[in-house]
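Reading the structure
One-letter residues, chain by chain:
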Amino acid sequence: MKLKNWALLVILGLLLAVLAACGGDDTEESGESAESAEGTEETAEEPAEEGEQVLNFINGDAIPSMDPSMATDEYGFQFIGSTMEGLYRLDENSEPVEGIATDHEVSDDGLTWTFNLREDATWSNGDPVTAHDFVYAWQRAVDPATGSEYGPYMMGGVIKNAVAVNSGEAELDELGVTAEDDYTLVVELENPTPYFESLTSFGTFMPLNEEFVEEQGDDFATSTDTLLFNGPYTLENWTSTANEWDLVKNESYWDADTVQLDRINHVVVKDPTTSVRLYEEGSVDRAGISSDLVDQYSTHEDYAVTPETSVFYLKLNQKRSDELANENVRHAIARAFDKDALVNEILNNGSIVANGLVPADFTPMPETGEDFREVSGDLMTYDVEAAQEYWETALEELGTDTVELELLGGDTETSKVMNEYIANQLSTNLPGLEVTLKNVPFEQRLDADTAQDYDIQVAGWGPDYLDPYTFLSLWVTDGGNNKMSYSNEEYDALLEEAQTTLATDNPARYENFLEAENILFEDAAIAPIYQSAMAQLISPKVEGVFVNPFGATYEYKWASVGSAE
Amino acid sequence: MVRYILRRVMYMLITLFIIATLSFFLMKLLPGSPLNAEDKLSEEQQAIVLEKYGLNDPIPVQYVNYLGGLVQGDLGISFAFSNTPVTDILMDRIGPSAQLGAQALVVGTILGVLLGLIAAISHNGFLDYTSTVIAVLGTSIPNFVFAGLLQYVFAAELEWFPVALWGSFEHSILPTIALMIFPMATAARFVRTEMVEVLGSDFITTARAKGVSEPGIVFKHGLRNALIPLVTVIGPMAVSLMTGSMVIEQIFAIPGIGEQFVNSVMVNDYPTIMGTTLMFAALFIGIILIIDLLYGLIDPRIRISGGDS
């Protein structure tokens, strides 16, 4: 009997050997059939040639669109930002520095901006970049036939007639952008817009070569071959479903001398654990650390936390709930949960407590350069005693001793824990308050928001341009994103004034913003929770990569490879 | 035979039509819209964008339009990947998934058959229990746990294989192992049960009495009969393996179709959802037909007739 078992084992072993050989053949075949993808295959481990500066990065997903008019997401804007250049580009301090435009003049009323363009900028096919390219691109972005989402969003209310053109009430050429000559671009604005200079660095405002785009037709921006570049890098080996691609130094870029990196290889990895293991293996030079991995890696020598400019808060809907229409109830809720504990124990990824609306390290005050957040100070902090005082007054006013409210939040793992924590804190610290939880997917939360079908909602906002107005404008009466029936005439007036009569006087505008933010929290309109951050492992090799406060997340123009060790 | 196949193909088309209809209307019940900046646009602005994709039409009209395109072999343009035909997405993504699935199926089934065979021969012996334990573990441990473990031990710690990514044959080894556990365990369980039964039946006793050698009995008379029920499960298993595993693809960062499918549902990319569903359905129905035809070859007791009954 024993002998037979041994014989079987030997047979098994032999079969395994045969299988291994067969397996080898198997892939050779499929390797051939997948020839088209072959060229991009081993980029992640490609050894750098002598003296070549190469970095390897992970991207969280494929790039859905490289068409500046159609892009809506982080990754689209990231790679449009690296491969294209608009009028201006943001530097290390988020200050606009020259791009295709060398300088500009603004008319006294702040409505007409005349940009002087450089004459040495070219597209990657050799054509010069001219003012006509901007006119074409901007018209295309608001043309209803394009079906762009960010076009009307970014340009509507900013560029003259953008809304009218988008809804078909005005012709394309009525859009407030014209080419005076090949190298002079005149832009007419709807209202004076002090932050317009930095806005022109955003992906939607990139120029497009009309002849090329029309020639490509429906194929435009679906692969490397159907794209033209005018930025620091070109995008190589890319198709719209590609999982690997490279940024390669663009030798025809007007400022190519500044660009030090030869190549940045990218590969899509979604799993956080896999990302970290690839980092430790040395395949990639940067990896994100998810909340559950922070404890394990926070002592790693390459661990770094980069603050972001998204702010999260509780929206307190005054329409559905009579209780939330009571100011004292809102004051109580906004003070009744421990934000420190939430940030350090639940999020645990470098996020910081938010005690206001406009994020920290986002906009400096125009004259002093101090951070807006610091000047405005802590407007809504965790304070159980004060919260309970407000709560008692509120209950008296309402003539009740129990209040039931629903908390609407996201359904990702982290959100669920966070929602539960906040609900628990509220009902513990405010006696008589009962909070029911409703965790739903993002889309459903948006629907509930639009219909104002919620009491309290965990929501957040990331900036679309470099100005406090991007956050403060959320809460003007009947604003498109208000959706909680907050209304304060004084608040509306301050913001209105900032965008109209004070529009050309930036220091005065910021005074208005400070005052408006103050009013927002005197009314306890929202309850700030936290400002997000990215926890990452970043190799010391990576130097000169800046993080932008809006638009493309990373700026690679000035990046280089430092000492490897 | 030809008549039978023709009839089956016709049924296949009807089934596909029903699947297309059902999934189309179910998909429309998904909350949300394919817009990405829904929270930033006014309702009028949203309507302008939706107009371009024909999403402002009444749903029955959209359905007729979709079927019209489908009949002409046009699966539409993806919403999520701008200007990219769904066919391109499917073609790009099916390759890695199919390769992994095929490798896992072949290796897994062969190992599973061997495991089952060993177990059956040493019925109630040590090897039987060992292989049963392996089979039970294989079916009950979720493959993401197994994949994570493989990655940790063989890539991160021992550094025998790359941690993840797609490219050379080496990259496919760990995901193949993670993926093959299930077919291996399933095959082992089936073969063991069948073999024990077959080896105890009269014709085996007859064969032994006639002096057929032991390997002859096991492989020629036993195994051939024990494999018949396995064929039934292998078909559907092949489809589910080759259409990709979202979990395995995500852990090993493989650009496959499984993950793409889940993603397209998350972002309401209607044309991609429909295209992927229909492709999976067509594969599934096709394989079932092939298996039905195979039965006739493997098992003489099953006859395919013109089908008047």
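Bear in mind the structure is a predicted one, so any value in this text is a computation, not a measurement. (Residues numbered from 1 in each chain as written. Chains lettered and ligands numbered in written order. Predicted model: local features only at pLDDT ≥ 70, side-chain atom pairs only at ≥ 80, totals over all residues. Heavy atoms only, no water.)

**Things to note about the overall build of chain B**
The test is simple: Segments assigned H or I by DSSP are reported as helices when at least four residues long, segments assigned E as strands when at least two residues long, and all are numbered from the N terminus. For every residue, the accessible area (1.4 Å probe, protein chains only) is compared with the maximum for its type, and the residue is labelled buried under 20%, exposed over 50%, or partly exposed between those bounds. All accessible areas in this document rest on Shrake-Rupley with a 1.4 Å probe, and a residue is counted as covered only by the protein chains that are shown. The convention is simple: Lys and Arg are positive, Asp and Glu are negative, and His and the chain ends are not counted. By convention, the point assigned to a charge is CZ for Arg, NZ for Lys, CD for Glu and CG for Asp.
On a plain count of helices and strands, chain B comes out with 13 helices and zero strands. Counting helices and strands in the order they occur from the N terminus, chain B gives α-α-α-α-α-α-α-α-α-α-α-α-α. With the C-alpha coordinates aligned to their principal axes, the bounding extent of chain B is approximately 85 × 65 × 30 Å. A buried classification covers 48% of the 309 residues belonging to chain B. A total accessible area of about 14700 Å² is found for chain B, and carbon and sulfur atoms account for 69% of it. The distance from the centre of the 15 positive side-chain charges to the centre of the 23 negative ones in chain B is 16 Å.

**A few points about the overall build of chain A**
Quick reminder of the rule: Only C-alpha atoms enter the radius of gyration, while the globule expectation follows 2.2 Å times N to the 0.38, with N the number of residues. Two residues qualify as a contact provided that any one of their heavy atoms is within 4.5 Å of a heavy atom in the partner residue.
Scanning chain A for helices and strands turns up 19 helices and 21 strands. For chain A, whose C-alpha radius of gyration is 27 Å, the value lies close to the compact-globule estimate of 24 Å for 565 residues. With respect to the three principal axes, the spread of C-alpha positions in chain A is 85 × 85 × 45 Å. Split into buried and exposed, the 565 residues of chain A put 58% on the buried side. Across chain A, the fraction of contacts at a sequence separation of at least 24, relative to all contacts at a separation of at least 6, is 67%. Of the accessible surface of chain A, which amounts to about 22900 Å², a share of 45% is contributed by carbon and sulfur atoms. Taken together, the 25 basic and 113 acidic charged side chains of chain A have centroids lying 8 Å from each other.

**Some points on the sheet that holds strand 7 (residues 184–188) of chain A**
All names here are of chain A. Inclusion rule: Here, any two strands with at least 2 DSSP bridges between them count as paired. Here, axes are lines fitted to C-alpha atoms. For helices the fit covers the stretch in contact, and angles between N-to-C directions go from 0 to 180 degrees.
Here we have four strands laid out as an open sheet, ordered 4-5-7-6, and antiparallel in their pairing. Strand pairing shows two members of the sheet lacking a second neighbour, strand 4 (101–106) and strand 6 (177–181), which therefore form its edges. Shown here is a sheet whose adjacent strand axes are inclined to one another by a mean of 25 degrees, direction ignored. Note: strand 4 against strand 5 (residues 112–117), five bridges, orientation antiparallel. Its bridge partner lying in strand 5, glutamate 105 is registered against threonine 114.

**Observations regarding the nonpolar core**
Here is the rule: In plain words, nonpolar cores are sets of buried Ala, Val, Leu, Ile, Met, Phe, Trp, Tyr and Cys residues tied together by side-chain atoms within 4.5 Å. Where each domain starts and ends comes from a domain assignment, either automatic or drawn from a database.
Counting 179 residues, the largest nonpolar core has Trp138, Ile159, Phe196 and Leu314 of chain A as the members making the most contacts within it. With nine residues, helix 13 (residues 270–298) of chain B is the largest single contributor of residues to this core. Lining this core are residues from two domains, each supplying at least three of them: domain 1 (86–120 + 130–208) and domain 2 (309–533) of chain A. Sequence-distant contacts of isoleucine 159 of chain A, defined by excluding residues within four places in its chain, comprise Trp138, Leu175, Gly176, Val187, Glu188, Leu189, Glu190, Phe196 and Phe205 of chain A. Membership of the second largest hydrophobic core comes to 43 residues, among which are Val276 and Leu293 of chain A together with Leu105 and Ala238 of chain B.

**Looking at the domain arrangement of chain A**
Residue and element names in this part refer to chain A. We apply this condition: Buried area, as used here, totals the accessible surface that two parts lose on assembly, with accessibility defined by a 1.4 Å probe and the loss added over both. By salt bridge we mean one thing: a side-chain nitrogen of Lys or Arg within 4 Å of a carboxyl oxygen of Asp or Glu. Whenever two N or O atoms come within 3.5 Å, that pair is a polar contact, provided that in protein one can donate a hydrogen and the other can accept it, and provided that, for residues adjacent in sequence, both atoms are side-chain atoms. Gly falls in the polar group here, along with every residue not listed as nonpolar (Ala, Val, Leu, Ile, Met, Phe, Trp, Tyr, Cys, Pro) or charged (Asp, Glu, Lys, Arg).
Segmentation of chain A into domains returns domain 1 (86–120 + 130–208) and domain 2 (309–533). A separation of 33 Å is found between the C-alpha centroids of domain 1 and domain 2. Across the domain 1/domain 2 interface, buried area totals approximately 990 Å², and carbon plus sulfur atoms make up 61% of it. The largest per-residue losses of area from domain 1 upon contact with domain 2 belong to Pro192, Pro194 and Tyr195, which jointly make up 50% of the total buried on that side. Connecting domain 1 to domain 2 are zero salt bridges. Between domain 1 and domain 2 we count one residue pair in polar contact (both at pLDDT 80 or more) in total. For the side of domain 1 that touches domain 2, the elements supplying multiple residues, two or more each, are helix 5 (150–155) and helix 7 (196–199). No other element matches helix 5, which puts three residues into the side of domain 1 that touches domain 2. Within the side of domain 1 that touches domain 2, the residues separate by chemical class into eight nonpolar, four polar and two charged.

**Concerning the UniProt feature "transmembrane region" (unreviewed entry) in chain B**
Residues and elements named next belong to chain B. This is how it is decided: UniProt positions are given in the numbering used here, feature names are shortened, and annotations may be inferred rather than shown by experiment.
Under the UniProt annotation, the feature "transmembrane region" (unreviewed entry) is placed at residues 9–30, 100–121, 133–153, 227–253 and 273–295. End C-alpha atoms of residues 133–153 are separated by 21 Å, and the span's content is 90% helix alongside 0% strand. Strand forms 0% of residues 273–295 and helix 100%; the C-alpha atoms that close the span are 33 Å apart.

**Examining the sheet that holds strand 8 (residues 233–236) of chain A**
Residues and elements named next belong to chain A. Read from one edge to the other, the open sheet built from four strands follows the order 1-10-9-8, with strand pairing classed as mixed. This sheet does not close on itself; its edge strands, each paired only once, are strand 1 (54–59) and strand 8. Strand-to-strand, the axes of this sheet are offset by a mean angle of 20 degrees, without reference to chain direction.

**As for unusual backbone geometry**
Residues and elements named next belong to chain A. The phi angle at lysine 483 is positive, at roughly 45 degrees, despite the residue not being glycine. Here lysine 483 is to be found in the loop between helix 17 (469–472) and helix 18 (489–499). A relative accessible area of 24% means that lysine 483 is categorised as partly exposed. At serine 485, a position not held by glycine, the phi torsion is positive, near 55 degrees. Its location among the elements puts serine 485 in the loop between helix 17 and helix 18.

**Here we look at the packing of aromatic side chains**
Residue and element names in this part refer to chain A. So the rule is basically this: Under the pairing criterion, centres of Phe, Tyr and Trp rings, with the six-membered ring standing for Trp, must be within 6.5 Å; the plane angle then separates stacked pairs below 30 degrees from edge-to-face pairs above 60, leaving the rest tilted.
As enumerated under the stated definition, the model contains 34 aromatic pairs over all chains in all. On the basis of an interplanar angle of 50 degrees and a centroid distance of 4.5 Å, the ring pair of phenylalanine 77 and phenylalanine 202 is categorised as tilted. Of this pair, phenylalanine 77 sits in helix 3 (residues 74–83) while phenylalanine 202 sits in the loop between helix 7 and helix 8 (210–216), and the two are 125 residues apart along the sequence. Here phenylalanine 77 matches phenylalanine 202 in class, with each residue buried. Ring centres of phenylalanine 372 and tyrosine 510 lie 6.2 Å apart, and the angle between their planes is 70 degrees; on these two criteria the pair is classed as edge-to-face. Of the two residues, phenylalanine 372 sits in helix 13 (residues 372–376) while tyrosine 510 sits in helix 19 (residues 506–522), which places them 138 residues apart along the sequence. Residue class for phenylalanine 372 comes out buried when judged on its relative accessible area of 0%. Each member of the aromatic cluster is reached from another via a ring pair, and the members are Tyr88, Trp113, Phe115, Phe134, Trp138, Phe196 and Phe205.

**Some words on the pairing of strand 9 (residues 244–249) of chain A**
Residues and elements named next belong to chain A. Within strand 9, six of the six residues are buried, which leaves it mostly tucked inside the rest of the structure. Of the two faces of strand 9, both are covered, the one formed by Glu244, Asp246 and Val248 as well as the one formed by Trp245, Leu247 and Lys249. Two elements, strand 8 and strand 9, share four bridges in a ladder whose sense is antiparallel. The residue bridging leucine 235 from the neighbouring strand is leucine 247, located in strand 9. Bridge analysis of strand 9 against strand 10 (residues 263–268) gives five bridges, and the strand direction is antiparallel. Among the inter-strand pairings, glutamate 244 is bridged to a residue of strand 10, identified as valine 267.

**Regarding the packing of helix 4 (residues 86–121) of chain B against helix 12 (residues 257–266) of chain B**
Residue and element names in this part refer to chain B. This is how the line gets drawn: When an angle is under 35 degrees it counts as roughly parallel; over 145 it counts as roughly antiparallel; between 65 and 115 it counts as roughly perpendicular; any other value is oblique.
Axis separation between helix 4 and helix 12 bottoms out at 8 Å; the angle between their running directions is 135 degrees. In terms of orientation, helix 4 lies oblique with respect to helix 12. Residues Ile89, Leu90, Arg93, Ile94 and Ser97 of helix 4 form the contact with helix 12, whose participating residues are Ile257, Gly258 and Gln260. Classifying every residue of the contact of helix 4 with helix 12 gives four nonpolar, three polar and one charged.

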